[in-house]
Amino acid sequence: MENKKFDVNSIMGFVFMGLILLWMFYSQSKQTKADQLKKALELKKQDSIQKANPTTKVIDSLTVQKAAVVPQTTDSVQNLALQTKLGAFAYSASIPSAKDNKTVLENDLLKIVINNKGAKIEEIQLKKFQTYDKKPLYLVKDDNAQLEINFNTKDNRVLNTKDLYFEPVLSKKADYQTLSMRLKVSETQYLEYVYTLKPDDYMLDFNIQSVGLEQVLDTSKPVKFTWNLKTIHTEKSLNYEGINTALVYRFENDEFKEVIGSAKPKVKEASEVNWVAYRQQFFTSIFSAKVPMKGIVAKAENLVKDEEKDTLYTKQFSSEIPLAVENGNLKNQLNFYFGPADYNKLKAYPELQLERSINMGWGLFRWINKYLFIPIFDLLKGSIASFGLIIILLTLVVKLIMSPLVFKSYLASAKMKVLRPEMEEINAKYPGKDNAMKRQQETMAIQSKAGVSMLSGCIPALLQMPVFFALFRFFPANFDLRQKSFLWADDLSAYDSIYELPFSIPIYGSHISLFPLLASIAI
């Protein structure tokens, strides 16, 4: 076998290649260290600049280029998305006011908070009053109300103001505060809400109008204004408050309709309506229009299914109202009343007859309350500080007024007792059906001789009933009695309690009231 020989040239070639590889590794390592040193020096320089001016951010040229390009791309995409979704109203989402900012209207009686989004009323506080547990009293709070317009556009979109942003402009002239909320299509085209709050007034003027939207709004289809409200529990008795909470509306012909609400929503349709009231036991929210509203749809629903659990809200009300359109633009003069359901305060707006939103009974009962008990109560209130004493005196006045009828009833009853033996003799003398006619003739002859009849005792009692039915509605609706104390009672508008039972009796409750017991004894 032939011995292998080393090739000197091959060996030299391998050695030479190894040297070249070693040189390359060395050069690369040196360059890397130089780059690292350079980068470290640059970072150190940037740190020193940053420390000298903390608000300045140092970034490389590539980042600058990205920062310049990405927002423009993002804005373009956002604008395109808004344009696709909102059409002409995309402009309203691009201006600085397109944020959930709030504006406050306030006088000595009301504090109203309005949000840019939807221009909705977010809070309404009645500053002079508290709830039964001494907390600030709100009619609107924590999204319990919604005020919105649903409309169509000429590019076949259906939009709702609750999803859109309005631009607020607050102005003050003397003690008047005016808040203009504009949903803009451009600087000269917009849908506008105008809220005006006057000093020492529970009335809030509210106008809805549009400018330059003839080619934007599709007014061939109804423009619907919706006002929803869940009434907040504010009084001592949840059950009694619910009973006296109702939706009331007034027709142009001075007729009135009350919708109480039940477990299932009650829906009513009406036309030629002047105002709609969401009346609680002692407070009310009333929406009125200068021109009668046509074709409203009102709903009422009871929210208290379980008094142990459902303690926040009593009822839910909703009204859907078509807005008036004039020459392709909206033009509606409206008002809101947010305040106490006080007969005398509501009567201060005679052209609206808002006092009719209070349930004082119907027909004759309301007439008795209006012309008899309210004037007497106001007269006593002007000279007596204690409302407990006023109630006692009013009761005595009623007894005095009713005394002739009561006396006549007692007299007739006494005469009938005297005649009873003789009438029993007649019954014994003429027994059976065959003698019924003779028996009746003899009985009537005796009663006529004594000056008494069967109806002489009934008629006085019947004449007293309207008075007592009127009082039955007068006291629960009397705002002046709210949170007024007397003796052991801390609130004359609610039940008095001298002892809380450890259990609840159906219909009755879980307390012992002394006033009804004393009244029963007195009667």
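Only a predicted model underlies this, so the values are computations on that prediction, with no experimental measurement involved.

**Structural notes on the sheet that holds strand 18 (residues 313-322)**
Part 1 of the argument: With antiparallel pairing, six strands are arranged side by side in an open sheet as 6-5-11-18-17-14. Edge positions in the sheet fall to strand 6 (158-160) and strand 14 (266-270), since each has one partner strand and no second. Averaged over all pairs of adjacent strands, the angle between their axes in this sheet comes to 15°, without regard to strand direction.
Part 2 of the argument: As paired strands, strand 14 and strand 17 (residues 296-302) are joined by five bridges and run antiparallel to one another. When the sheet's bridge partners are listed, A270 is paired in strand 17 with I296.

**Section: the pairing of strand 10 (residues 203-211)**
Part 1 of the argument: Sheet analysis places strand 9 (residues 189-197) next to strand 10, joined by eight bridges and oriented antiparallel. Bridging from a neighbouring strand, V194 pairs with N207 of strand 10.
Part 2 of the argument: In sequence, strand 9 turns back onto strand 10 through a hairpin of five residues, with D200 there showing a positive phi of about 50°.
Part 3 of the argument: Pairing analysis gives seven bridges linking strand 10 to strand 20 (residues 329-340), with the strands arranged antiparallel. The residue of strand 20 that forms the bridge with D205 is N335.

**Looking at the nonpolar core**
Part 1 of the argument: Within the largest apolar cluster, 101 residues are counted, with the highest numbers of intra-cluster contacts made by F89, Y193, Y195, F206, I208 and F225.
Part 2 of the argument: Here the element with the most residues in this core is helix 5 (residues 364-381); it accounts for seven residues.
Part 3 of the argument: For F89, the contacting residues outside a window of four places in its chain are F151, T153, L159, L183, K184, V185, L213, V216 and L217.

**A word on the pattern of salt bridges**
As a working rule, side chains carrying opposite charge can pair if their charged atoms are close by.
Part 1 of the argument: Following the criterion strictly, the structure yields 18 salt bridges and no others.
Part 2 of the argument: Measuring nitrogen to oxygen at the nearest pair gives 3.0 Å for the salt bridge that ties D480 to K381. Of this pair, D480 sits in the loop between helix 8 (458-474) and strand 21 (499-505) while K381 sits in helix 5; the two residues are 99 residues apart in sequence, bridging distant segments of the chain.
Part 3 of the argument: For D480, a relative accessible area of 15% gives the class buried.

Reading the values: the criteria
Residues numbered from 1 in each chain as written. Predicted model: local features only at pLDDT ≥ 70, side-chain atom pairs only at ≥ 80, totals over all residues. Heavy atoms only, no water. Pairing = 2+ DSSP bridges. Helix = DSSP H or I, 4+ residues; strand = E, 2+ residues; numbered from the N terminus. Axes fitted to C-alpha atoms, helices over the stretch in contact; angles between N-to-C directions. Core = buried A, V, L, I, M, F, W, Y, C linked by side-chain atoms within 4.5 Å. Buried < 20%, exposed > 50% of the residue type's maximum accessible area, 1.4 Å probe, protein only. Contact = heavy atoms within 4.5 Å. Salt bridge = Lys/Arg side-chain N within 4 Å of Asp/Glu carboxyl O.

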